Amino acid sequence: MLFTHDTECSLTAMAALVNTDGRAGEELPDVAALDAFFVTHTYSGRHEHSEDELRAVRDLRPRLRRVWYADTEGIVAIVNGLLRENDALPQLITHDDEPYHIHAVPRDAPLATRMAVEAAMALADLVRTGELRRLRICDHPDCENVLVDLSKNRSRRFCDAGCGNRAAVTAYRARKTASRN
């Protein structure tokens, strides 16, 4: 494990949230989709299942997407802004049979607030460890998804939307065509 469990979960969830608003269209079209996202990324605490909550989560995405295009100072400004605006106060907590980890807002804070602060805390870990190069844009030419490379050797190039498979098929076909000529 490169980072603590909660940091890796937060980074993965942050990239997934950003990617719900991409070329494929709106992937959080309704409250049911947000419910599924909540479960998939093992969020805990308050969840209102409301249109207002959905709107607040959607509104967070463009700000988080900017992280992938910002330099270190820009990322620090985003992180500090998210922490300040949400009155983050880091504390150690354990729940749901999870080991101690850091929560910086109460579990009954709005979901979008918790998502923002968890992303900011995870990004702070990347800044502190000098690992911002782990934030990447998918290498597939037709994709703008973001990813977090959590591999030991920093070799991940493609997002989770099947782009690695598409690239491999394209390369295979190119090799087959070249071998025929």
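Residue numbers run consecutively from 1 along every chain, following the written order of its sequence. Local features in this predicted model are restricted to residues of pLDDT 70 or higher, and side-chain atom pairs are both shown and tallied only at a pLDDT of 80 or more, whereas totals for entire chains, interfaces and linings draw on every residue. Calculated side-chain values reflect all of the structure's heavy atoms, with hydrogen atoms and water omitted.

Draft legend 1. Expanded view of the packing of helix 4 (residues 72–85) against helix 5 (residues 111–128). Taken N-terminus to C-terminus, the directions of helix 4 and helix 5 make an angle of 140°; their axes are 9 Å apart at the nearest point. You can see that helix 4 and helix 5 cross each other, and the crossing is left-handed. Residues Ile75, Val76, Val79, Leu82 and Leu83 of helix 4 form the contact with helix 5, whose own contacting residues are Ala116, Val117, Ala120, Met121, Leu123, Ala124 and Val127. Residue classes follow a fixed rule: Ala, Val, Leu, Ile, Met, Phe, Trp, Tyr, Cys and Pro count as nonpolar, while Asp, Glu, Lys and Arg count as charged, and any other residue, Gly among them, counts as polar. Classifying every residue of the contact of helix 4 with helix 5 by side-chain character gives 12 nonpolar, no polar and no charged. For helices, the fitted line uses only the C-alpha atoms of the stretch in contact; every axis is such a line through C-alpha atoms, and the angle between N-to-C directions lies from 0 to 180 degrees. Here a helix means four or more residues in a row that DSSP labels H or I, a strand means two or more in a row labelled E, and each is numbered from the N terminus. Working rule for handedness: look at the near helix, and if it is turned counterclockwise from the far one by less than a right angle, call the crossing left-handed; if clockwise, right-handed. Throughout, a residue-residue contact means that at least one pair of heavy atoms, one from each residue, lies within 4.5 Å.

Draft legend 2. Representation of the nonpolar core in the model. Ranked by size, the top nonpolar core spans 42 residues in total, and within it Leu17, Val57, Leu64, Trp68, Met115, Leu123 and Leu135 carry the most contacts. No other element matches the 10 residues that helix 5 contributes to this core. If sequence neighbours within four positions are ignored, Trp68 has contacts with Met14, Ala15, Val18, Leu135, Arg136, Ile137, Val146, Leu147 and Val148. Among the buried residues, those of types Ala, Val, Leu, Ile, Met, Phe, Trp, Tyr and Cys that are joined through side-chain atoms within 4.5 Å form a nonpolar core. Residue exposure (1.4 Å probe, protein chains only): buried if accessible area is under 20% of the type maximum, exposed if over 50%, otherwise partly exposed. Counting 6 residues, the second-largest nonpolar core is a separate cluster that includes Cys143, Phe158, Cys159 and Cys163.

Draft legend 3. Spatial organisation of the side chain of Asp125. Counting through the fold element by element, Asp125 comes out in helix 5. Residue Asp125 is classed as buried on the basis of its relative accessible area of 18%. At 3.0 Å, the side chain of Asp125 forms a polar contact with the side chain of Arg128. For Asp125, the residues in contact, after removing those within four places along its chain, are Thr4 and Thr7. Pairs of N or O atoms are called polar contacts if they sit within 3.5 Å, as long as, within protein, a hydrogen donor faces a hydrogen acceptor (for residues adjacent in sequence, only side-chain-to-side-chain pairs).

Draft legend 4. Spatial organisation of a nonpolar patch on the surface. On the surface, Leu92, Tyr100 and Ile102 cluster together into a nonpolar patch covering about 370 Å² of accessible area. Tracing the backbone shows Tyr100 in the loop between strand 3 (91–93) and strand 4 (101–103). Patches here: salt-bridge-free residues with over 30% relative accessible area, like charges joined within 9 Å, nonpolar side chains (Val, Leu, Ile, Met, Phe, Trp, Tyr) joined within 5 Å. Throughout, the Shrake-Rupley method with a 1.4 Å probe supplies accessible areas, and for residues the shown protein chains are the sole cover considered. When a carboxyl oxygen of Asp or Glu is within 4 Å of a side-chain nitrogen of Lys or Arg, the pair counts as a salt bridge.

Draft legend 5. Summary view of the packing of aromatic side chains. The pairing test for Phe, Tyr and Trp rings, Trp by its six-membered ring, is centres within 6.5 Å, and the orientation test on the planes gives stacked under 30 degrees, edge-to-face over 60, and tilted for anything in between. Within this structure, the stated rule accounts for 2 aromatic pairs. With a centroid separation of 6.4 Å and 25° between ring planes, the pair formed by Phe37 and Tyr43 is classed as stacked. Just as Phe37 is buried, Tyr43 falls in that class too. Members of the aromatic cluster, joined through ring pairs, are Phe37, Phe38 and Tyr43.

Draft legend 6. Quick peek at helix 5. Given a helix with a known number of residues, its expected span is that number minus one, times 1.5 Å. Helix length check: helix 5, at 18 residues, gives a terminal C-alpha distance of 26 Å against a target of 26 Å (1.5 Å per residue), a fit within 8%. Phi turns positive, to about 65°, at Gly130, one or two residues after helix 5.

Draft legend 7. View of the packing of helix 3 (residues 51–65) against helix 4. Interaxial distance between helix 3 and helix 4 falls to 10 Å at its minimum, and their mutual angle equals 150°. As the angle between them shows, helix 3 and helix 4 are arranged roughly antiparallel. Handedness of the helix 3/helix 4 crossing: left-handed. Facing Leu60, Arg63 and Leu64 of helix 3, the residues of helix 4 in contact are Ile78, Gly81, Leu82 and Glu85. A per-class count over the contact of helix 3 with helix 4 returns 4 nonpolar, 1 polar and 2 charged. If an angle is under 35 degrees, it is roughly parallel; if it is over 145, roughly antiparallel; if it lies from 65 to 115, roughly perpendicular; otherwise it is oblique.

Purely geometric numbers; function is a separate question.
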